[in-house]
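Below, each chain spelled out in residue letters.
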Amino acid sequence: MRTIFYTTFVCVILLCFSTANVLAQQRQVTGTVADQEGITLPGVTIAVKGTATRAVSDVNGKYVISVPGTGATLVFSFIGMQTRELPVNASQTKLDVTLQNATRDLNDVVVVGYGTTKKRDVTGSVGSIKGSDLNRVPSGNVDQLLQGKIAGVQVIAPSGQPGAGATIRVRGYGSRSDANALVVIDGIPLGDAGDIKQVNPDDIESVEVLKDASSAAIYGSRGANGVLLITTRKGKKGQARITLNALTTLSTLGNKLDVFHDPADVAILSNESRINGGEAPQYVGQTIGGTYYPSVAELRGIDPNKSKWPYNTDWAKLVYRNPISQSYTLTADGGNDKTIYAISGNYYNEQGLAIKNGYEKYIGRVNLEQKLKQNLTAGINVISTWTKNYGQGLSVDRNIIFPAYNEDGTYFHIGSNDYGNPLQIANEVTNQSKTIDLLSSAFISWDIMKGLNLRSRISNAYGNSISDNYQPRDATGTGYQFQGFGQLNNYSANHLIVENFLTYDRDLGKDHHINFVAGTSYENTTVRTSFIQGQGFVNDILGNENLAGATTYVVGNNLTRTVLESYYGRFNYTLFNRYLFTFTGRTDGSSKFGDNNKYAFFPTGAVAWKVNEESFMKAIPEISELKVRGSYGLVGNQGISPYQSLSLLGSYKYFTDGGFQTGYGPPFFNDGSNVNGKVFNGLGNKSLKWETTRQLDLGVDIGLFNQRFTITADYYYKHTTDLLRLNQIALSSGYSVIQINDGTIDNKGFELGVNAQVLQGKLSWNVGGNLSINRNKVLNIGGGNSIEAAQGDIEAIRAPLNYYINGQPANVFVGYLFDGIVQQDGGTSPVDGTTQKAGDIKYIAGGPLPVGQNGKYIIGNPNPKFTYSFNTSLKYDRFDLSAQIYGVQGNDIFNFSKFTPSAQLQRWTPDNPSNTYPSVNSTRVNYASNWYVQDGSFLRIQNVNLGYNFKPNFVKGISNLRVYFSGNNLYTFTKFNPSYDPEVGENGQFGGNYRKPRAYSLGLNVSF
C-alpha cells in the first residue's frame, strides 16, 4: 500500500514538472487579419494545424493564439476568402495576414432567381462579378461599370453626358419591341436595364447575369432578353464597422477636336460652297441682315484699306472646361446572432465637360434583418434616390469669324435667324429634371421544418420626376417661333410586387440532393403622366415659373395600369454529386394581351455533369473542375405599351369657325411643335399574344491547378418568334398600323471567359479576359414583307437608313454605292436624274433592294463581329495595380459628320481633283451611300488603378486605410475619326455626340 502511494506521488510530481515544461514552451502569437483591400476581417478562424487549438479574430480583425514553442503552422480561413497556411518560427510572436478573395472558389455562392446556389452546382449560364471588382471610377449609373466585365453582355455607352445611361444587350438583339434585359435589385424586378441610377456602386455586393433560358425562365415573361440581378451589401455577424469611400475626379477632353482654326479658311469654304450651289458669296466685305461679313483679304490682314479682322473665337475654350466631380459614401454595418444591419448614404456630383451641365445624386439605403425566433426572421430593405440633371450638350462648331458677345455685352447673333450661340443656350435655356425613386421591400422568412422555408415579400418601386424646359424668344429657333416656349412634364409610377415562395432543400441520403422552389407573384403597375406647355410670353424674366403668362396653352395627361400574375417553380436534383438536373416552369398572365392569350407557360430544362467528380478523373489532380452543361427552354416577352389589344379613342383640339372644338377618334399626340399627328397603334388586336424565345445553351467549365486557371465557354442559339411589331393597314380603317405578332429573329453565338492566377504570395498576379461573338439574323420581318425600315426618314439623307431585311442582320444600312467623285460636268445621276457636276459624289444605283426609285444596296452592318475585354491585376506587399482594356471589332458606323473641317480642306477643287472628298456645295442634296460608312472597331484603355493599403491602425482608430489613383478612358485605338469617340448607339448612326471625358481620380477608403 505504501509502495503504491509513493509511486503515485512520484508520478504526479513528474507529471507536474512535465506539464510546466510544456507550458513554458507555449507562447502567444498576435496579429491582424485583413482582406486584399486592407479592410480588417472579424470572425476569421485561426487554427494551429494538426491540433484542436482555435482562435477567432475580433471586430478589428485582431487575434491572439497560443502555439508550441518549437514552431507551428497557422491556418487562416474565412468564408469567401482563400484559406492560407503560414509557418510560425520558434521566436515569432507577431503575424499580420492578408487574405485574398476566393473569386474562383467552387464554393462561392452565386445569386439566382429566388435563391442562391454554389458556383459548382450551377447548371445554366450565369455570369457573376463581385462589387469589389467594379471599377472605382465616378459613374452616375452602375450599367457603365459593367462594360467588358461579363462575356455575352454588351454595354453600349455612346454619350459622355453626366448621368447618361447605357444600352445593355444580353446575347444580342432579339426583339423589335423591347430587347432590354430585366433589372432586379435585391429581389425587386425594377424594369429595363439602361439607367440603373437607383444603386450606389459602393453598395453592391454582387451582380449576376442570367443569360440562358434555364436560368432566366424563373422570371418568365420578363427574362427573354436576360436578367441582371443586383445584390446590395448586408451586415455581417460579429462586426461593427464604419467605412468612408471618397473620390475626387478631374476630367478633360478625351479627343483632339477637328475644328477650324483659321477664319480665312471658313470664309473661303463658305464662298466656294455658295458659288458651287448657285448662290452669291457672302464674305466679300459687305453687310447682310445687319451683320458685316469681312472679306478674305481682311481676315488675312492683307487688305490695304482695312485693319485685320480682330476676331478668331475659340468656341471650345469657351464651352468646354476641366470639371471636378465628387463622390462620397458613408456606411455603417455589422450585426450579432439576432440582428444584422447596413446603413449607407452617398452623395455624387458629376460636372459635365460643357459649362452649366451636370448631374447630382443622393442615395440613402437601410438594410435590416432581425431574428424574431429561432426559426423566424424578418427584414426590410429601403433605397431612396434623388437625382437632378441639368444643362445640355453644346456645339463647338460655330463660326469662328464672329465673336461670342457684342460690345455692349449682349450675345452676338449672326443675322436675325441665328439662334445657335452656345453661351446663350447654356446661360438662358432652362433644361433640367429632378427625380425621386423609392425602392422598399419587407419580408418574413419562416423555417417550417428542416430544409423547408416559406418567404413572403412585399415590394414597392415608386418613381416621380418633374422636368422643366424654357426657351427664351431670342435664344433658340423654337423660342423665336413661339415667342417664348415653356413646358413642364410630370411623371409618376408605382410598381407593387407581392410574392410568396416555398423553398425545400435537403440531402436524401449521401447520394441525393434536392432543391425545390415554388411560388406566386403579383405585380401591379400604375403610370401617370401630365404636361403643360405654354407659348407666347411678354418677356422671359420668369421663364418656366410663369407658364400662366403664356398666350397659348397645350395640356395633356395620361394614365395606364398593367397587371402581371405569375406562378413559378424550379426543381434541382443532384445525383452522386456529379449529375445535376434543373427543371423550371413559369406561367405568366399579362393584362396587355387579348382575352384568349393573356396567359402563357414557359418551361425550361438543364443538365450538367461534373466530370471531375468521376473516379477515373481522380488520377488527374491538376483538373480541379470539369463540368459540361446543357439547357433548353422558352421565355417570353411582353414589352409593349398597355391596351394594344383594345381599340383606343382619343380626344384632340382643332380650330374651326373662329374657335377651338373638341374632336374624338383615333388617339393623337403632340410632338412638341404644336402639330398633331396620329398615334401608330390605335386599332385593337384581340389576338395579340406573347413574343416567345426558344434558347439552346451548351457550355463547359474548366478549372486547373486548384482553380488557379479557369475557362468558361458557351455556345447558344436563340430563336424568337411571334415578334411584337407594328403592321401597316389600309388608311380607310381610320388607322395606319396595328400591333400584331409576326416575324422571326435568330441570334447565335459563342462566349469565352478565361482567368488565371499567375503568381501567388507576396507578389500576386491575376489576368483575365472574355470574348463574345454574336450573329444576328432576321429570318422573317413579318407582314408578308421582305424589307422594312426600322425608322422614319432622316432629314440629312431624306430617307430611312436602318432596315430589317429577311436573311440579314437587324438594322443594316441601306443606300447607294460610292463610285468616286465626278471629275467633269456632264452625265446624269442614276439616283435623281439630275445633271452631274464636277465635285459631286458619283453613285451606283439599280441595286437589288426594292427601296428607292432605282434600287439600293446593303451598305453596312452596325452589329459588331465580336467584343472583348482583358484585365490584369498585380499586388506586391501593400501596393496594387490593375488595368482593363475593352474592344469592339467589325461594326460599321454611318458617319453623318464625316465631312469635318479637316476633310473640307481636302475637298475636290479644279486644282485638287480629289477622288475621296467632294466639293463643298450649299445646295447639294445628299443621299445615303457607303461613302459615309466607316469601320467602327476600337480598342480602349478603359481603366488603370494604382493603390496603396496602409497597415491596420497606421492611424489610431482606423482599421483600414487605402488611397488610390485611377485613370479612365485613357486612350482609344481606332481607324475612326480620332476627333470623335467610336462608341455609338445600337443603330450605328453617328452625327456628333456628347464627348466622353478622360478622367483622373484620387480615391480614399477608410474603415473605423
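For the structure, see preceding data.
Criteria and thresholds
Residues numbered from 1 in each chain as written. Predicted model: local features only at pLDDT ≥ 70, side-chain atom pairs only at ≥ 80, totals over all residues. Heavy atoms only, no water. Helix = DSSP H or I, 4+ residues; strand = E, 2+ residues; numbered from the N terminus. Rg over C-alpha atoms; globule rule 2.2 N^0.38 Å. Buried < 20%, exposed > 50% of the residue type's maximum accessible area, 1.4 Å probe, protein only. Contact = heavy atoms within 4.5 Å. Areas by Shrake-Rupley, 256 points an atom, 1.4 Å probe, with all protein chains shown as cover. Lys, Arg positive; Asp, Glu negative; His and termini not counted. Charge placed at Lys NZ, Arg CZ, Asp CG, Glu CD. Salt bridge = Lys/Arg side-chain N within 4 Å of Asp/Glu carboxyl O. Pairing = 2+ DSSP bridges. Axes fitted to C-alpha atoms, helices over the stretch in contact; angles between N-to-C directions. Core = buried A, V, L, I, M, F, W, Y, C linked by side-chain atoms within 4.5 Å. Phe/Tyr/Trp six-rings, centres within 6.5 Å; stacked < 30°, edge-to-face > 60°. Lys NZ or Arg CZ within 6 Å of the ring centre and 35° of its normal. Expected span 1.5 Å × (residues − 1). Polar contact = N/O pair within 3.5 Å; in protein donor to acceptor, adjacent residues only side chain to side chain. Patch = residues over 30% accessible without salt bridge, like charges linked within 9 Å, V, L, I, M, F, W, Y side chains within 5 Å.

## Points about the overall build of the protein
Looking only at helices and strands, the protein features eight helices and 55 strands. For the protein, whose C-alpha radius of gyration is 33 Å, the value lies close to the compact-globule estimate of 30 Å for 1008 residues. Counting only C-alpha atoms and orienting by the principal axes, one finds that the protein spans roughly 135 × 75 × 60 Å. Burial statistics for the protein: of 1008 residues in total, 51% are counted as buried. Residue pairs in contact within the protein that sit at least 24 positions apart in sequence constitute 67% of those at least 6 positions apart. By element, 56% of the accessible surface of the protein is carried by carbon and sulfur atoms, the whole surface being about 44800 Å². The average position of the 88 basic charges and that of the 80 acidic charges among the side chains of the protein differ by 8 Å.

## A short note on the pattern of salt bridges
Within the structure shown, the criterion is met by 33 salt bridges. Taking the shortest distance from any N to any O, the salt bridge between Asp-418 and Arg-398 comes out at 2.4 Å. One end of the pair, Asp-418, is in the loop between strand 23 (376-390) and helix 6 (422-428); the other, Arg-398, is in the loop between strand 23 and helix 6, and 20 residues separate them in sequence. Note that Asp-981 and Arg-940 form a salt bridge whose closest N and O atoms lie 3.2 Å from each other. Of this pair, Asp-981 sits in the loop between strand 53 (960-974) and strand 54 (989-990) while Arg-940 sits in strand 52 (residues 938-949), and the two are 41 residues apart along the sequence. We classify Asp-981 as buried; its relative accessible area is 4%. You can call Arg-940 buried: its relative accessible area is 2%. Through salt bridges with shared partners, a single ionic network connects Arg-171, Lys-211, Lys-627, Arg-629, Asp-697, Asp-701, Asp-714 and Glu-751.

## Examining the sheet that holds strand 1 (residues 27-35)
Strand order in the open sheet formed by three strands is 4-1-7, and the pairing between neighbours is mixed. One side of each edge strand has no neighbouring strand; the edge strands of this open sheet are strand 4 (62-67) and strand 7 (97-99). Recorded for the sheet is a direction-independent mean angle of 35° between the axes of neighbouring strands. Pairing geometry for strand 1 and strand 7, over three bridges, is parallel. By the bridge assignment, Val-33 is partnered in strand 7 with Val-97.

## Regarding the pairing of strand 26 (residues 485-508)
Across 20 bridges, strand 25 (residues 452-471) lies against strand 26 in antiparallel orientation. Residue Ala-461 lies in a different strand from strand 26, and its bridge partner there is His-495. Pairing of strand 26 with strand 27 (residues 512-535) involves 24 bridges; the strand directions are antiparallel. Residue Leu-488 lies in a different strand from strand 27, and its bridge partner there is Ile-532. Between the end of strand 26 and the start of strand 27, which pair antiparallel, lie three residues, with Gly-509 showing a positive phi angle near 75°.

## Overview of unusual backbone geometry
Excluding glycine, residues mostly have negative phi values, and the peptide bonds linking residues are mostly trans. One non-glycine residue, Gln-483, adopts positive backbone phi at about 55°. Within the secondary structure layout, Gln-483 lies in the loop between helix 7 (477-481) and strand 26. In this structure, Asn-577 takes a positive phi of about 55° despite not being glycine.

## Brief notes about the nonpolar core
The biggest cluster of nonpolar side chains holds 31 residues, and the ones touching the most others in it are Tyr-320, Leu-394, Ile-401, Phe-402 and Leu-423. Secondary structure elements with two or more residues in this core: helix 3 (263-276), helix 4 (296-300), helix 5 (315-319) and helix 6. Dropping the residues within four chain positions of it, Leu-394 is found in contact with Val-319, Tyr-320, Ala-354, Ile-355, Pro-422, Ile-425 and Ala-426. Counting 28 residues, the second largest nonpolar core, distinct from the first, contains Ile-129, Ala-166, Leu-228 and Ile-230.

## Some points on the pairing of strand 16 (residues 227-232)
Burial analysis of strand 16 places six of its six residues in the buried class, which makes it a mostly covered element. Burial along strand 16 is two-sided: the residues Val-227, Leu-229 and Thr-231 and Leu-228, Ile-230 and Thr-232 are all buried. Sheet topology note: the strand 13 (residues 182-185)/strand 16 ladder contains four bridges and is parallel. Among the inter-strand pairings, Ile-185 is bridged to a residue of strand 16, identified as Ile-230. In this sheet, strand 16 lies alongside strand 15 (residues 204-210) in antiparallel orientation, the contact comprising six bridges. Counterpart to Leu-210 in the pairing with strand 16 is Val-227.

## Here we look at the packing of aromatic side chains
Under the counting rule described, the total for this entry stands at 39 aromatic pairs. Taken together, a centroid distance of 5.4 Å and an interplanar angle of 80° make the contact between Tyr-470 and Phe-537 edge-to-face. Of this pair, Tyr-470 sits in strand 25 while Phe-537 sits in the loop between strand 27 and strand 28 (552-575), and the two are 67 residues apart along the sequence. You'll find Tyr-470 and Phe-537 in the same group, each marked buried. An aromatic cluster of at least three residues, connected via ring pairs, comprises Phe-813, Phe-894, Phe-896, Phe-899, Tyr-917, Trp-931 and Tyr-932. Lys-361 extends its terminal NZ or CZ atom over the ring of Tyr-348, reaching a point 5.9 Å from the ring centre. Sitting over the face of the ring of Trp-931, Lys-898 holds its NZ or CZ atom 4.4 Å from the ring centroid.

## Side note on helix 3
Two residues of an α-helix separated by three or four positions point the same way, owing to the 3.6 residues in each turn. In a regular helix each residue adds 1.5 Å, so 14 residues correspond to 20 Å; helix 3 covers 20 Å between its end C-alpha atoms and thus fits that length. Restricting attention to buried positions, one finds in helix 3 the residues Pro-263, Ala-264, Val-266, Ala-267, Leu-269, Ser-270, Asn-271, Glu-272 and Ser-273. The elements touched by buried residues of helix 3 are helix 4 and helix 8 (901-904). At the N-terminal boundary of helix 3, the capping side chain belongs to Asp-262, with an oxygen 3.0 Å from the backbone nitrogen of Ala-264. Downstream of helix 3 by a residue or two, Gly-278 has a phi angle that is positive, lying close to 80°.

## Quick word on a nonpolar patch on the surface
Taken together, the side chains of Val-758, Leu-759, Leu-763, Trp-765, Leu-874, Tyr-876, Phe-879, Leu-881 and Leu-946 define a hydrophobic patch exposed on the protein surface, amounting to about 760 Å² of accessible area. Sorting the residues of the nonpolar patch by element identifies strand 40 (744-759), strand 41 (763-780), strand 48 (866-876) and strand 49 (879-889) as the ones contributing at least two each. Along the polypeptide, Val-758 turns up in strand 40.

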